[in-house]
Amino acid sequence: MAIDKIGKYLFMAESFHCDFQHKLFMGHLGNHMLNAADFHSSDRGFGMLYLNTIHKTWVLSRLAIEMDEMPTQNTKFYVETWVESAMRYFTNRNFRVVGEDGHVYGYGRSVWAMIDTETRQPQDILAIDNGAINNWIDKEKPCPIDKGGRVKMTDAATLVRTIDTHYSDVDINGHINSVKYIEHVLDLWDIKWYAEHSIRRFEIAYVAESHEGDRLSLYREQTGDNEYCVRIVKNDETEVVRCKVVFN
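First things first, this report covers the structure right here in the doc. Throughout this description, residue numbers start from 1 for each chain and increase along the sequence as written. Thresholds applied to this predicted model are a pLDDT of at least 70 for local features of residues and 80 or more for the giving and counting of side-chain atom pairs; totals over whole chains, interfaces and linings are not thresholded and use all residues. The side-chain quantities take in all heavy atoms of the structure and omit both hydrogens and water.

1. A short note on the sheet that holds strand 2 (residues 56-67)
And then number 1: For two strands to count as paired, DSSP must find a minimum of two bridges between them. Working definition: helices are DSSP H or I runs of at least four residues, strands are E runs of at least two. Numbering for both runs from the N terminus. Taking strand neighbours across the sheet as the criterion, the 10 strands line up as 1-3-4-5-2-7-10-9-8-6 in an open arrangement whose pairing is antiparallel. Bordering the open sheet on either side are strand 1 (7-12) and strand 6 (158-164), each of which pairs with just one other strand. If you compare each strand with its neighbour and ignore which way they point, the axes differ by 25° on average.
And then number 2: Sheet analysis places strand 6 next to strand 8 (residues 215-224), joined by six bridges and oriented antiparallel. The partner of Thr158 across the bridge, within strand 8, is Arg220. An axis is simply a line fitted to the C-alpha atoms; with a helix, the fit covers only the stretch in contact. Between two such axes, the angle follows the N-to-C directions and lies from 0 to 180 degrees.

So this is what it looks like as structure tokens:
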């Protein structure tokens, strides 16, 4: 049976993955998107399990999620995903979150790099299986959200919180998990704020790796109406993450 260029995977907004308003946490939605990406790439021969056998892995470079609304408690929904383009060192992958009834909740865009698991250096994506990833590119399926650009911040950003990192923060690549950063950033606002504001768009760029034991400092700056930017730096002042959050 021929495999479609677009993958479609069923998930559920499980009770303990939802917030006090019975809506799926943004971090868990991000996790579902990353799972869908892994399922899609594995089914087509360029997933992480295969890459690990040749000492390579995928790392997330950028993720933007824009939602009209979030799936609610115990709702089943699909994450569709497809590769929009592939270059030597980066590939663009898109997502659509859609209900069983066809209702569209929102979209996502992501940029991925491939690295050597030992040297941590970028690898040529098109060298894998003679550029087989090109067979799966779909440039026609629309993803109507902004790709996003560089998140711009000034020295006016204020330190809001410093946190320690532990075992549960670390993923299979040995560095702080991509979704953990999302959770740490969104924790900068309290429940009273979220009672009055929903997340319209979340944008994150991963600049450098951090590891268990690093202390992370989170700086926040308001850059527009209901728009905030956050940067995270580790002990030696290396910037590891930069984010933009737009609220309704």
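2. Brief notes about the pattern of salt bridges
And then number 1: When a carboxyl oxygen of Asp or Glu lies within 4 Å of a side-chain nitrogen of Lys or Arg, that pair is called a salt bridge. Inspection of every chain in the model, using the stated rule, returns 12 salt bridges.
And then number 2: Close ionic contact of Arg109 with Glu84 constitutes a salt bridge, the shortest N to O distance being 3.3 Å. Separated by 25 residues along the polypeptide, Arg109 in strand 5 (residues 104-116) and Glu84 in strand 3 (residues 76-86) bring together distant segments of the chain.
And then number 3: Type-normalised accessible area, obtained with a 1.4 Å probe on protein chains alone, sets the label of each residue: buried when under 20%, exposed when over 50%, and partly exposed for intermediate values. Judged by relative accessible area, which is 17%, Glu84 ranks as buried.
And then number 4: The partner of Arg201 in a salt bridge is Glu203, and the shortest N-O contact between them spans 3.0 Å.

3. Regarding the nonpolar core
One broad rule of soluble globular proteins: the nonpolar side chains tend to lie buried together.
And then number 1: If you look at the biggest cluster of nonpolar residues, it comprises 59 residues, and the most contacted ones within it are Met26, Leu29, Trp189 and Phe202.
And then number 2: Looking at which element gives the most residues to this core, the answer is helix 1 (residues 26-43), with six residues.
And then number 3: Excluding its chain neighbours within four sequence positions, the residues that come into contact with Met26 are Ile65, Met67, Met70, Ile182, Leu186, Ile199 and Phe202.
And then number 4: Here, nonpolar core means buried Ala, Val, Leu, Ile, Met, Phe, Trp, Tyr and Cys residues that are tied together by side-chain atoms lying within 4.5 Å of each other. Counting six residues, the second largest nonpolar core, distinct from the first, contains Val151, Ala157, Cys229 and Val233. When checking whether two residues touch, look at their non-hydrogen atoms; a contact exists if any pair is within 4.5 Å.

4. Comments concerning the layout of surface pockets
And then number 1: Considered as a void within the structure, the largest pocket measures approximately 960 Å³ in volume.
And then number 2: Around the largest pocket sit 37 residues that line it, and Trp58, Val59, Leu60, Asn173 and His175 are the ones nearest its centre.
And then number 3: The element best represented in the lining of the largest pocket is helix 1, accounting for seven residues.
And then number 4: For each structure, a 1 Å grid was placed over the protein atoms alone; sets of points admitting a 1.4 Å probe that cannot get out are labelled cavities, open sets with protein on both sides within 12 Å along at least five of seven lines are labelled pockets, and lining residues have an atom within 4 Å of a point. Grid points are joined across faces, edges and corners, and a volume is the space filled by probe spheres set on the points. What the second largest pocket holds in volume is close to 540 Å³.
And then number 5: Lining of the second largest pocket is provided by 24 residues; of these, Asp19, Phe25, Met26, Tyr194 and Ile199 occupy positions nearest its centre.
And then number 6: When residues of the lining of the second largest pocket are traced back to their parent elements, those giving at least two are helix 1, helix 3 (178-186) and helix 4 (191-196).
And then number 7: No other element matches helix 1, which puts three residues into the lining of the second largest pocket.
And then number 8: When its residues are assigned to classes, the lining of the second largest pocket shows 11 nonpolar, six polar and seven charged. As a working rule, the residues Ala, Val, Leu, Ile, Met, Phe, Trp, Tyr, Cys and Pro are called nonpolar, Asp, Glu, Lys and Arg charged, and the rest polar, with Gly in that last group.

5. Digging into the side chain of His184
And then number 1: By secondary structure assignment, the location of His184 is in helix 3.
And then number 2: Relative accessible area serves as the criterion here: at 18%, His184 is assigned to the buried category.
And then number 3: Contacts of His184, omitting those with residues within four sequence positions, involve Ile163, Asp169 and Leu218.

6. Description of the packing of aromatic side chains
And then number 1: Planes of paired rings set the category: under 30 degrees apart is stacked, over 60 is edge-to-face and the rest tilted, where pairs are Phe, Tyr or Trp rings (Trp by its six-membered ring) whose centres lie within 6.5 Å. All chains considered together, the criterion is met by 10 aromatic pairs.
And then number 2: Measuring from centroid to centroid gives 6.5 Å for Phe46 and Trp58, while their planes differ by 75°, and the two rings are edge-to-face. Taken together, the positions of Phe46 in the loop between helix 1 and helix 2 (48-53) and Trp58 in strand 2 put the pair 12 residues apart, joining distant regions of the chain. Across the pair, exposure class does not vary: Phe46 and Trp58 are buried alike.
And then number 3: Ring centres of Trp193 and Tyr228 lie 5.9 Å apart, and the angle between their planes is 85°; this geometry places the pair in the edge-to-face category.

7. Considering a nonpolar patch on the surface
And then number 1: Residues enter patches when their relative accessible area tops 30% and they take part in no salt bridge; the joining distance is 9 Å for like charges and 5 Å for the nonpolar side chains Val, Leu, Ile, Met, Phe, Trp and Tyr. For the area figures, the Shrake-Rupley method with a 1.4 Å probe applies, and any residue is considered shielded solely by the protein chains shown. Residues Met87, Tyr89 and Phe90 make up a contiguous nonpolar surface patch of about 270 Å² in total accessible area.
And then number 2: Mapped onto the secondary structure, Tyr89 falls in the loop between strand 3 and strand 4 (91-99).

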